[in-house]
Amino acid sequence: QVQLVESGGGLVQAGGSLRLSCAATGRTFRNYAMGWFRQAPGKEREFVAAITWSGSSAYYADSVKGRFTISRVNAKNTVDLQMNSLKPEDTAVYYCAADPRASSSYFSRYNYDYWGQGTQVTVSS
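Here we summarise the structure given alongside this text. (Residues numbered from 1 in each chain as written. Predicted model: local features only at pLDDT ≥ 70, side-chain atom pairs only at ≥ 80, totals over all residues. Heavy atoms only, no water.)

**Let's talk about the side chain of threonine 78**
With respect to the helices, strands and loops of the structure, threonine 78 is situated in strand β8 (residues 78-83). Residue threonine 78 is classed as buried on the basis of its relative accessible area, which comes to 17%. With near-sequence residues (within four places) excluded, threonine 78 lies in contact with Cys22, Ala23, Phe29, Ser71, Arg72 and Val73. (Helix = DSSP H or I, 4+ residues; strand = E, 2+ residues; numbered from the N terminus. Buried < 20%, exposed > 50% of the residue type's maximum accessible area, 1.4 Å probe, protein only. Contact = heavy atoms within 4.5 Å.)

Encoded structure:
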């Protein structure tokens, strides 16, 4: 069992940066692939980024590639999302998620069993 708690959301102007952090409880965190998803009002929850259990590989949605960076520190049970050059269209609730099976379909929210409560990110123009 893993519990996830996100932090670091807020209001920022376009072009600014935010760093989201996800703290996990549970001894098996280091075995899980981790992902970040986001959901804007009236839209489906969408994939943002994912990282393998070892941190050796990371994957990004095309819309954030080159601007966002996902990282993890297994010794601290944390996974972060550094967001740079933020745009108004990045406004959403951001969720941290854990995939215990480390599926190759890292972009599918259905592969993630554990979710945080979400943190709001608002980018003003």
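What follows continues from the structure just given.
**A word on the pairing of strand β9 (residues 92-99)**
Counting buried positions along β9 gives seven out of eight residues, so the element sits mostly inside the fold. Note: strand β4 (residues 33-39) against β9, seven bridges, orientation antiparallel. When the sheet's bridge partners are listed, methionine 34 is paired in β9 with alanine 98. As paired elements, β9 and strand β11 (residues 119-124) share three bridges and run antiparallel to each other. If you follow valine 93 over to β11, its bridge partner there is glutamine 120. By the bridge criterion, two bridges tie β9 to strand β10 (residues 114-115) in an arrangement that is antiparallel. Bridge pairing links alanine 98 to tyrosine 114 in β10. (Pairing = 2+ DSSP bridges.)

**Some remarks on the packing of aromatic side chains**
For the structure on display, the rule yields nine aromatic pairs. Ring geometry for phenylalanine 37 against tyrosine 112: centres 5.0 Å apart, planes inclined by 75°, an arrangement best described as edge-to-face. Remark: tyrosine 112 occurs in the loop between β9 and β10 and phenylalanine 37 occurs in strand β4; sequence separation between them is 75 residues. With respect to class, phenylalanine 37 is no different from tyrosine 112; both count as buried. Ring-pair connections join several aromatic residues into one group, and the members of that group are Phe37, Phe47, Tyr59, Tyr95, Tyr106, Phe107, Tyr112 and Trp115. Over the ring of tyrosine 95 we find arginine 45, and its NZ or CZ is 3.7 Å from the ring centre. (Phe/Tyr/Trp six-rings, centres within 6.5 Å; stacked < 30°, edge-to-face > 60°. Lys NZ or Arg CZ within 6 Å of the ring centre and 35° of its normal.)

**Structural notes on the side chain of glutamate 6**
Within the secondary structure, glutamate 6 is located in strand β1 (residues 3-7). Buried within the structure, glutamate 6 lacks any salt-bridge partner; its nearest side chain of opposite charge belongs to arginine 45, at an N-O separation of 7.5 Å. At 2.8 Å, the side chain of glutamate 6 and the backbone nitrogen of cysteine 96 are in polar contact. Within the local environment of glutamate 6, its side chain forms a polar contact with the backbone nitrogen of glycine 118, the two atoms lying 2.9 Å apart. Not counting the four nearest positions on each side in its chain, glutamate 6 is found in contact with Ser21, Cys22, Trp36, Tyr94, Tyr95, Cys96, Gly116, Gln117, Gly118 and Thr119. (Lys, Arg positive; Asp, Glu negative; His and termini not counted. Salt bridge = Lys/Arg side-chain N within 4 Å of Asp/Glu carboxyl O. Polar contact = N/O pair within 3.5 Å; in protein donor to acceptor, adjacent residues only side chain to side chain.)

These values are about where atoms sit, not about what they do.
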